[in-house]
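Spelled out, the chains give:
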Amino acid sequence: MTVLSIHGLDAGYNGVPVVRGLDLEVAAGEVVALLGPNGAGKTTTLRTISGLLPVIQGSVDVAGEPTDSRRPYKVARRGVAHVAEDRSLFPGLTVKENLRLSPGLKRRDRAAAYDRAVDVFPALGPLLNRRAGLLSGGEQQMLAVARGIITNPQLLLVDEMSLGLAPVIVEEMLPVVRRVADELNTAVVVVEQHIHLALELADRAVVLANGSVVLDGDAAALRDDPSQIEASYLG
Ligand code: ATP
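Residues numbered from 1 in each chain as written. Predicted model: local features only at pLDDT ≥ 70, side-chain atom pairs only at ≥ 80, totals over all residues. Heavy atoms only, no water.

Asks: So what's going on with the overall build of the protein? Which residues, and what values?
Replies: Within the protein, the secondary structure is distributed over nine helices and ten strands. Whereas a compact globule of 235 residues would reach a radius of gyration of roughly 18 Å, the protein reaches 17 Å, a difference of no more than 12%. Judged by the C-alpha coordinates and their principal axes, the protein covers about 50 × 40 × 30 Å. Each of the 235 residues in the protein was classed as buried or not, and the buried ones make up 51%. Within the protein, residue pairs in contact and separated by at least 24 positions form 68% of the contacts whose partners lie at least 6 positions apart. For the protein, the accessible surface area stands at approximately 10,600 Å², while carbon and sulfur atoms represent 51% of it. (Helix = DSSP H or I, 4+ residues; strand = E, 2+ residues; numbered from the N terminus. Rg over C-alpha atoms; globule rule 2.2 N^0.38 Å. Buried < 20%, exposed > 50% of the residue type's maximum accessible area, 1.4 Å probe, protein only. Contact = heavy atoms within 4.5 Å. Areas by Shrake-Rupley, 256 points an atom, 1.4 Å probe, with all protein chains shown as cover.)

Below, the structure written as structure tokens:
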């Protein structure tokens, strides 16, 4: 089943597109690695999907309904979880409070949310009452990802999970994304600079350059023959 369906998307800032003519479909349970050089439009694409930026032209549908930049909270409630590059935590609030305030978390799911977060990231267990601002970078990123996962999203968007993290922590955390796709049948889009790690967990890779798709292929095949990805980065 297709969860995310993007056709002919132009998106950007103040009416000026930086993403042009983008087509992308992601199915339930599928992990797509969205790759490409700095400034290619990856973050802009994720922000447009979750309604933080308007669609200038084309369409973005999640589970058959268009995204809505006038009401991003409604997009979250419909099952789009966005783990942003800046992690979007409340540093003065505890881990528990941050979990409880996760955008899109339904009231009835609150009680199970802490257990689910600790199940996915056991390291968060002893930290539930600690202020988010006092956590290490890796712990903060775990919390940011946990806030997305506990909503049981239909679509999970993860932007640069590895930013500022030690490679060992990245290797530990990235597989969680695969687990979410497999266990919850969530459609997942990960933006990642660690290309080889992303290709290991993804089903498909899509490379953007200058706001457009320049390569869309099977992740395993691209991992076995990196020349295609290299060529797409070099233009
Ligand atoms: P990075 O890895 O550097 O985050 P990216 O592929 O995510 O790269 P985007 O952040 O989507 O790229 O940026 C795409 C283009 O949009 C860039 O040219 C960037 O300068 C521009 N851009 C990003 N944010 C803004 C903004 N707030 N206002 C205007 N232009 C922006």
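Asks: Any details on the side chain of Thr 186? Residues and values, ideally.
Replies: Inspection of the secondary structure assignment puts Thr 186 in the loop between α6 (167-184) and β8 (187-191). When neighbours within four sequence positions are excluded, Thr 186 is seen to be in contact with Ala 28, Gly 29, Glu 30, Pro 153, Gln 154, Leu 155, Leu 156, Val 180 and Ala 181.

Asks: Lay out the pairing of strand β3 (residues 31-35) in plain terms, naming residues and giving numbers.
Replies: The side chains of a regular strand alternate between both faces of the sheet. Most of β3 is tucked away, with five of its five residues classed as buried. Here β3 shows no split at all, with Val 31, Ala 33 and Leu 35 on one side and Val 32 and Leu 34 on the other all buried. Note that β3 and β8 share four bridges and pair parallel. The partner of Leu 34 across the bridge, within β8, is Val 191. Relative to strand β9 (residues 204-209), β3 runs parallel, the two sharing four bridges. Bridging across to β9, Leu 34 finds its partner in Val 206. (Pairing = 2+ DSSP bridges.)

Asks: Report on the environment of Thr 94, specifying residues and quantitative values.
Replies: Turning to its location among the elements, Thr 94 is positioned in the loop between β6 (80-83) and α3 (95-100). Each C-alpha atom of the pair Thr 94 and Leu 128 lies 6.7 Å from the other, and the pair is 34 residues apart in sequence. In this structure, Thr 94 is in contact with Leu 128, Asn 129, Arg 130, Arg 131 and Ala 132, ignoring residues within four places of it in sequence.

Asks: Can you break down the packing of aromatic side chains residue by residue, with the values?
Replies: Aromatic ring pairs are described here by two measures, namely the spacing of the ring centres and the angle between the planes. According to the stated counting rule, one finds zero aromatic pairs in the structure shown. Over the ring of Tyr 114 we find Lys 96; its NZ or CZ atom is 5.4 Å from the centre of that ring. (Phe/Tyr/Trp six-rings, centres within 6.5 Å; stacked < 30°, edge-to-face > 60°. Lys NZ or Arg CZ within 6 Å of the ring centre and 35° of its normal.)

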